[in-house]
Amino acid sequence: MSDLLRVRGLTKRFGGLVAVNRLDLDVGAGEIVGLIGPNGAGKTTAFHVISGFHVPSAGEIVFKGASVVGQKPHAICRRGLARTFQIVQPFAGLTALENVMIGAFNRTGDVAEGRAHAREVLDFVGLGSHRDAPARTLTLADRKRLEMARALATQPELLLLDEVMSGLNPTEIDQIVGLLRTIHARGVAILLIEHVMRAVMALSHRLVVLHHGEKIAQGPPGEVARDRRVIDAYLGESA
Amino acid sequence: MTWGLLLQAVISGLLLGGVYGLVASGLTLIFGVLRIINFAHGAIMMLAMYASYWLHALGGVDPYLSILLTAPLFFVLGVGVQRVVIEPNRRAAEHNQLLLTLGLALFLENLALVLWQGDFRTVRSAISGTSFMLGDALVEGARLVACAGAVVVCVGLFAWLRLTDAGKALRALAEEPEGAALMGIDVTRIRGVAFGMGAACVAVAGALVTPFFYVAPDVGESFNIMAFVVVVLGGMGNFLGALLGGFVIGLAESLGATLLPGSLKYLVVFLLFVLVLLLRPEGIFGGARGR
Amino acid sequence: MAARAVGLVALAALVALPPLLPKYFLEVLISVLFYAYLGESWNVLGGYAGQFSFGHAAFFGIGAYTSTLLFLRLAVSPWIGMVAGGLLAAGFGLFAGSLSFRYGLRGPYFSLVTLAFAEMLRVVAVNTKAVGSSLGLSIAPRSAPALFLFDGKLPYYYVILAMALGAVLLTRAIERSKLGYALHAVRENEDAAEAAGVDTLAMKLRAMAISSFLTALGGTFYAQYYGYIDPSLTFGPAVSIQGLLQAIVGGAGTVLGPFVGSFVLTPISELSRAALRGRAGADVMLYGLILVLVISFLPHGLVGWFRRR
Ligand SMILES: Nc1ncnc2c1ncn2[C@@H]1O[C@H](COP(=O)(O)OP(=O)(O)OP(=O)(O)O)[C@@H](O)[C@H]1O
Ligand SMILES: [Mg+2]
């Protein structure tokens, strides 16, 4: 399987704290990889570094065969790597449609064309009926969809999703799982941070487990779930 | 350029720098607690200078003595302004809060202009005009007192912050707003106290400079700008930094005045300001970060 | 549709009525349009991109001084000098902007650094004999339309009307373009904008260039209309505040906000000046009060308030 994203030895320090420590991570084209780990494991930090919001302290990030280290987030996005934020970041004063148009403008300079594409994406994620609602009036579940729609509208090859299911009820989670399957079926690879185990187990081809910034396990979901160190890490958290 | 001139510049700069340090301490205190860059700081200082002026002109009160009245008065005034104007807008966008204090500054400055016209007024204290020689340099008594007074007040403020309950609460709020609220600190009251203390600082500074500085509606502007520069230099929210920064800026201004023609000394000060903003927005001495 | 009709009637009135107005009202109307224009210019950067410049006087002054110096020293027509000043100001804006944005200055820190840039230019102008130092520069009045000099006020009125309408049309075009959407995104949330592929630095610089160019043209108009400029009139903080004030009071980030702001503020200023004759400062004092009240009660300005109702 050809590698879309290749991360080697990725390290991010905040002062004395090592948030991510020598992380190796691959995502192949058409793959869904789950990134899990207890709170504070460094998952979001890894996303920030990969998507260009933080400069890595050390390590390599290669996307589609070229290094993206030191590039700005927008440039990385244009190369085809889009992300969502754990704490949703809608443009609160813009309507849902306008939010998605911002993403769509990555692939077109034409306003009408951008609007048409944004409409399609909104319909696709099931927000079509809220098109003209200001983003600030949307519910949390809808804001999470909006966040995904904006990222999707940039037409990425790899989508980094940071806890798009947290805070949602079981029905909503099932809807998102279905949505992610469709996105994947359209040929988009996904790297998924998720605490909702049921969903991440069902979706992921492979799991990577972080604990205190280090990768402690990886492999097919079934195997990882039985890994002693993984169980200890999660138990240690709740103890 | 002789050594005498240079020594003179250094001494004048340091003496004025102490006052800048006090003005900036008030600004940094307000910033530390309210997270607001108070554009009206200089205007409040100007009002305080008028208060000292009128106490002198109408009541014959020596400007130094007037501090006993103006400092508490301006504390109360500061608390009031905070409560009525700033507090209701606490959740407004950052730039709107900045504009709020800008509006306040425009209002106060031009209120003074309407009430008392633009004339330059001067106040004479018992020690106005006294001076002595230090080597080749002349030291004016009033400037020396201003600097010494400013430093004493700064030290007092520092001690107040470390030792009293109100001071400790204020520091707790500056460092951890959520934590402070959880600890049962009356956050709203402390924000008022911080603004009041900031106003009291400029009330003292204003009284200290009136014996050798003119009083006019726009006199606060230059102090305001200098205090911004000092606070950015010293690190937003950093008290010691404000005092040290005051001396640095006083020196820069005074050396600039000696070495450069006309009012180009301000170019030096602004250049320093821009450089610090760009390169070290956390200030030379550290502090709350500016990015 | 009704709004469009009202707009057309207002436009027709602005074009047709002035020749019938007494001189005093014509002067007031020129002031209204002039400050509306400054507000529109500031609005591109401050309102749309959300970068609150406190130093637009820098661009205004560059515009005023460039065209005036070219005219006085090299006999270049101010019509040409105006464009030169605009380009120079845009260049300075890009320089100041890329410095501040690259170093990540946001919010109040950006305001402070722009203020410092304008003050630096003011100090330089005050101390430079070649540009007239604090004495300033005068342009003798005469009638020479090719040199942007007219007999009477009416021609100046039509010039500033054209400039103000041009700024409105440009702003409207920006608002509806990809740039407009990108600027709005930048204003709302820079991180999210970057994540969605918006080159936030480039967008802010574009807004800066347009805003500074327009502001500089206002500087040339001022120089030609009043025939006199000096460092504090052109580079002083009051100029920066004037532009921002119209936009904030009327509604920052809206096409007509600065216009509405100026149509409300400028007559108030004229009236208060007339009422308190001889008392300098009354108008600006009122401005300060209005600013405080608007921020407190209409944080989105008059237009924003009207829309939200
Ligand atoms: N900007 C920052 N500065 C300093 N420390 C940070 C910063 N961002 C994250 N950290 C620290 O790095 C560690 C990892 O945080 P991160 O947000 O990546 O965890 P996470 O795995 O996403 O956790 P969660 O599941 O709760 O979202 C934490 O200890 C966090 O406090
Ligand atoms: Mg996280």
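Below or above, wherever it landed, is the structure these notes cover. (Residues numbered from 1 in each chain as written. Chains lettered and ligands numbered in written order. Predicted model: local features only at pLDDT ≥ 70, side-chain atom pairs only at ≥ 80, totals over all residues. Heavy atoms only, no water.)

**Some words on the packing of helix H4 (residues 111-125) of chain A against helix H5 (residues 140-153) of chain A**
The geometry of a pair of packed helices is captured by two quantities: the angle between their axes and the separation between those axes. Residue and element names in this part refer to chain A. Two elements in contact, H4 and H5, have axes whose closest approach is 9 Å; the angle formed by their N-to-C orientations is 135°. Relative to H5, H4 is oriented oblique. Taken as a pair, H4 and H5 cross one another with a handedness that is right-handed. Every residue of H5 that contacts H4 at His 117, Val 121, Leu 122, Phe 124 and Val 125 is listed here: Arg 145, Leu 146, Ala 149, Leu 152 and Ala 153. Within the contact of H4 with H5, the residues separate by chemical class into 8 nonpolar, 1 polar and 1 charged. (Axes fitted to C-alpha atoms, helices over the stretch in contact; angles between N-to-C directions. Helix = DSSP H or I, 4+ residues; strand = E, 2+ residues; numbered from the N terminus. Parallel < 35°, antiparallel > 145°, perpendicular 65-115°, else oblique. Left-handed = near helix turned anticlockwise from the far one by under 90°. Contact = heavy atoms within 4.5 Å. Nonpolar A, V, L, I, M, F, W, Y, C, P; charged D, E, K, R; others polar.)

**Re a nonpolar patch on the surface**
Together, Leu 271, Leu 275 and Leu 279 of chain B together with Tyr 103 of chain C make up a nonpolar patch on the protein surface, roughly 360 Å² of accessible area in all. With respect to the helices and strands, the residue Tyr 103 of chain C is situated in the loop between helix H4 (78-102) and helix H5 (107-126). (Patch = residues over 30% accessible without salt bridge, like charges linked within 9 Å, V, L, I, M, F, W, Y side chains within 5 Å. Areas by Shrake-Rupley, 256 points an atom, 1.4 Å probe, with all protein chains shown as cover. Salt bridge = Lys/Arg side-chain N within 4 Å of Asp/Glu carboxyl O.)

**Observations concerning the coordination of the magnesium ion (ligand 2)**
All names here are of chain A. Within the first shell, the magnesium ion (ligand 2) binds the protein through Thr 44 (OG1) and Gln 86 (OE1), at distances of 1.9 to 2.1 Å. Taken as a pair, Thr 44 in helix H1 (residues 43-50) and Gln 86 in the loop between strand S6 (81-83) and helix H3 (96-104) lie far apart in primary sequence, 42 residues in all. A residue is classified by how much of its surface remains accessible, and Gln 86, at 33% relative accessible area, is partly exposed. (Donors = N, O, S within 2.8 Å, 3.2 Å for Na, K, Ca; no water. Buried < 20%, exposed > 50% of the residue type's maximum accessible area, 1.4 Å probe, protein only.)

**Looking at helix H9 (residues 200-226) of chain C**
Residue and element names in this part refer to chain C. A rise of 1.5 Å per residue sets the reference length of H9, with its 27 residues, at 39 Å; its end C-alpha atoms lie 39 Å apart and thus fit the reference within 8%. Buried residues dominate H9, accounting for 22 of its 27 residues. Gly 227, located one to two residues past H9, shows a positive phi value of around 75°. (Expected span 1.5 Å × (residues − 1).)

**Topic: the pattern of salt bridges**
All names here are of chain A. Counted according to the given criterion, the structure contains 17 salt bridges over all chains. A salt bridge links Arg 228 to Asp 232, with the shortest nitrogen-to-oxygen separation between them at 3.4 Å. Of the two residues, Arg 228 and Asp 232 both sit in helix H9 (residues 228-238), 4 residues apart, roughly one turn of that helix. Take Arg 228: its relative accessible area is 53%, and that puts it in the exposed class. For Asp 232, a relative accessible area of 39% corresponds to the partly exposed category.

**Points about the pairing of strand S1 (residues 3-14) of chain A**
Residue and element names in this part refer to chain A. Inspection of the sheet shows S1 paired to strand S2 (residues 17-28) by 8 bridges, in the antiparallel sense. Bridge pairing in S2 places Leu 5 opposite Val 27. Hairpin connection from S1 to S2: 2 residues lie between these consecutive antiparallel strands, with Gly 15 at a positive phi of about 60°. (Pairing = 2+ DSSP bridges.)

**Considering the environment of Val 255 of chain C**
Residues and elements named next belong to chain C. By secondary structure assignment, the location of Val 255 is in the loop between helix H11 (237-250) and helix H12 (257-275). Put simply, Val 255 and Ala 173 are 82 residues apart on the chain and 9.6 Å apart in space, counted from C-alpha to C-alpha. Sequence-distant contacts of Val 255, defined by excluding residues within four places in its chain, comprise Glu 40, Tyr 48, Val 168, Thr 171, Arg 172 and Glu 175.

**A few points about the sheet that holds strand S4 (residues 58-63) of chain A**
All names here are of chain A. Reading across from one edge, S2-S1-S4-S5 is the order of the 4 strands in this open sheet, with antiparallel pairing throughout. Every interior strand has two partners, whereas the edge strands, S2 and strand S5 (66-67), have only one. With 2 bridges connecting them, S4 and S5 associate as antiparallel partners. Counterpart to Val 62 in the pairing with S5 is Ser 67.

**Focus: the sheet that holds S6 of chain A**
Residue and element names in this part refer to chain A. Strand order in this open sheet of 6 strands is S6-S7-S8-S3-S9-S10, and the pairing throughout is mixed. The sheet is open, and its two edges are formed by S6 and strand S10 (214-219), each paired on a single side. Averaged over all neighbouring strand pairs, the angle between strand axes comes to 15°, with direction disregarded. Two strands pair when backbone bridges link them, and strand S9 (residues 206-211) and S10 are joined in this way by 5 bridges, in the antiparallel orientation. Its bridge partner lying in S10, Val 208 is registered against Gln 218. The strands that H1 touches are strand S3 (32-36), S6, strand S7 (158-162), strand S8 (189-193) and S9; relative to S7, the one it contacts most, it runs at about 145°. Strands S3, S7 and S8 of the sheet are contacted by helix H6 (residues 170-185), whose axis makes an angle of about 150° with S8.

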